[in-house]
Amino acid sequence: MRIRPNRFNIYLLVALLATLGAAGCQSFGKKKEASTLRLHLEVNRDGSDQNAAVPINRSDPIYVNVQKQPFLDEGRVVKAEVIEVMGGFAIFIQFDRQGTWLLEQYSTANKGRHVAIESEFGEARWLAAPVMNKRISDGTLVFTPDATHAEAERIVRGLNNVAKASQDKE
């Protein structure tokens with residue numbers, strides 16, 4: 001029986017490619033989770049299309065009128081964590097230098113106003129609207145989200161993936 005060498009090599013190549021395709025790198029083609037985080041400033045209603053009332057808290061919503069354009073977003077996040085606090089959990093956000101500067105400027109100029117926090121992590125939702133009672137100069141924001149612990153973990157994972165991707169680009 002005679003075996004043709006080039007036909008054998010083609011079959012071997014096809015088998016090898018099929019094996020590599022099935023058992024190849026598991027991360028290949030798999031998208032990393034990403035989350036958004038947008039901070040919107042509370043403003044007075046002026047009848048324009050620059051602001052809108054948004055619902056905060058799904059079970060018993062309160063409406064806060066905010067600027068539609070966020071003043072800070074996930075592009076300035078360096079690190080995010082879910083932290084345990086008395087009676088539950090909170091999300092801790094650390095911003096980069098420019099994010100720290102923006103947070104300080106807005107918290108100083110708008111004491112007593114709410115900052116509405118919006119996130120998209122598979123679904124878009126308004127998570128919280130804490131009042132800025134003092135100047136935030138260290139670039140950290142800690143808030144209790146209207147989310148389950150699993151959702152908070154998903155948001156944080158997505159924000160850290162976005163932060164890592166932007167650091168890798170630099």
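This text gives an overview of the structure that appears in the document.

Cut-offs and rules
- Counting from 1, residues in each chain are numbered in the order their sequence is written.
- Local features in this predicted model are restricted to residues of pLDDT 70 or higher, and side-chain atom pairs are both shown and tallied only at a pLDDT of 80 or more, whereas totals for entire chains, interfaces and linings draw on every residue.
- Only heavy atoms go into the side-chain values, all of them from the structure, while hydrogens and water stay out.
- Numbering of helices and strands runs from the N terminus, with a helix taken as a DSSP run of H or I at least four residues long and a strand as a DSSP run of E at least two residues long.
- Accessibility here uses a 1.4 Å probe with only protein chains present; expressed as a share of the type maximum, an area under 20% marks a residue as buried, one over 50% as exposed, and anything in between as partly exposed.
- Residue-level accessible areas treat just the shown protein chains as cover; the underlying method is Shrake-Rupley with a 1.4 Å probe.
- Here the aromatic set is Phe, Tyr and Trp, taking the six-membered ring for Trp, and pairing holds for ring centres within 6.5 Å; pairs whose planes are under 30 degrees apart are stacked, those over 60 apart are edge-to-face, and all others are tilted.
- Should DSSP find at least two bridges between two strands, the strands are taken to pair.
- Only the contacting stretch of a helix is used when fitting its axis, a line to C-alpha atoms as for every element, and angles between N-to-C directions run 0 to 180 degrees.
- A contact between two residues is defined here by any heavy atoms of the two lying within 4.5 Å.

### Observations concerning the overall build of the protein chain
Moving on, step 1. Each helix and strand counted, the protein chain has three helices and eight strands in total.
Moving on, step 2. Ordering the α and β elements of the protein chain from the N terminus gives α-β-β-β-β-β-α-β-β-β-α.
Moving on, step 3. Taking all 170 residues of the protein chain together, the buried fraction comes to 34%.
Moving on, step 4. Looking at the protein chain as shown, the accessible area adds up to about 11100 Å², and 53% of this sits on carbon and sulfur atoms.

### Focus: the packing of aromatic side chains
Moving on, step 1. Taken as a whole, this structure holds one aromatic pair when the rule is applied.
Moving on, step 2. Ring plane angle 15° and centroid distance 4.1 Å describe the contact between Phe71 and Tyr106, whose orientation is recorded as stacked. Of this pair, Phe71 sits in the loop between strand 3 (62-67) and strand 4 (77-85) while Tyr106 sits in helix 2 (residues 97-109); the two residues are 35 residues apart in sequence, bridging distant segments of the chain.
Moving on, step 3. The class for Phe71 is buried, based on a relative accessible area of 9%.
Moving on, step 4. Overall, Tyr106 belongs to the partly exposed group, its relative accessible area being 26%.

### A few points about unusual backbone geometry
Moving on, step 1. With a phi close to 80°, Asn57 is a non-glycine residue in the positive phi region.
Moving on, step 2. Here Asn57 shows up in the loop between strand 2 (51-56) and strand 3.

### Some details on the sheet that holds strand 8 (residues 140-143)
Moving on, step 1. Reading across from one edge, 4-5-8 is the order of the three strands in this open sheet, with antiparallel pairing throughout. Looking at strand neighbours, the two that pair on one side only are strand 4 and strand 8, the edges of this open sheet. Looking at each pair of strands side by side, their axes are set apart by 20° on average, direction ignored.
Moving on, step 2. Two strands pair when backbone bridges link them, and strand 5 (residues 88-95) and strand 8 are joined in this way by four bridges, in the antiparallel orientation. The partner of Gln94 across the bridge, within strand 8, is Thr140.
Moving on, step 3. Set on the sheet, helix 2 makes contact with strand 5 and strand 8; between it and strand 5 the angle comes to about 110°.
Moving on, step 4. Packed on one face of the sheet, helix 3 (residues 149-169) meets strand 4 and strand 5 and runs near 160° to strand 4.

### Points about the environment of Thr100
Moving on, step 1. On the secondary structure map, Thr100 appears in helix 2.
Moving on, step 2. It is 9.5 Å that separates the C-alpha atoms of Thr100 and Val77, two residues lying 23 residues apart in sequence.
Moving on, step 3. Residues contacting Thr100, with those up to four places away along its chain left out, are Gln94, Phe95, Ile136, Ser137, Asp138 and Gly139.

### Here's the deal with the environment of Gln67
Moving on, step 1. When you line up the elements, Gln67 lands in strand 3.
Moving on, step 2. Gln67 gets classed as partly exposed once you look at its relative accessible area, which sits at 29%.
Moving on, step 3. For Gln67 and Gln50, which are 17 residues apart along the polypeptide, the C-alpha to C-alpha distance reads 6.0 Å.
Moving on, step 4. Contacts of Gln67, omitting those with residues within four sequence positions, involve His40, Leu41, Val43, Gln50 and Asn51.

### Topic: the sheet that holds strand 7 (residues 124-128)
Moving on, step 1. Taken together, three strands build an open sheet; the order of strands is 1-6-7 and the sheet is antiparallel. Of all strands in the sheet, those bounded by a partner on one side alone are strand 1 (38-41) and strand 7. Along the sheet, successive strands turn relative to each other by an average axial angle of 35°, direction set aside.
Moving on, step 2. One ladder, built from four bridges, connects strand 1 with strand 6 (residues 115-120); its direction is antiparallel.

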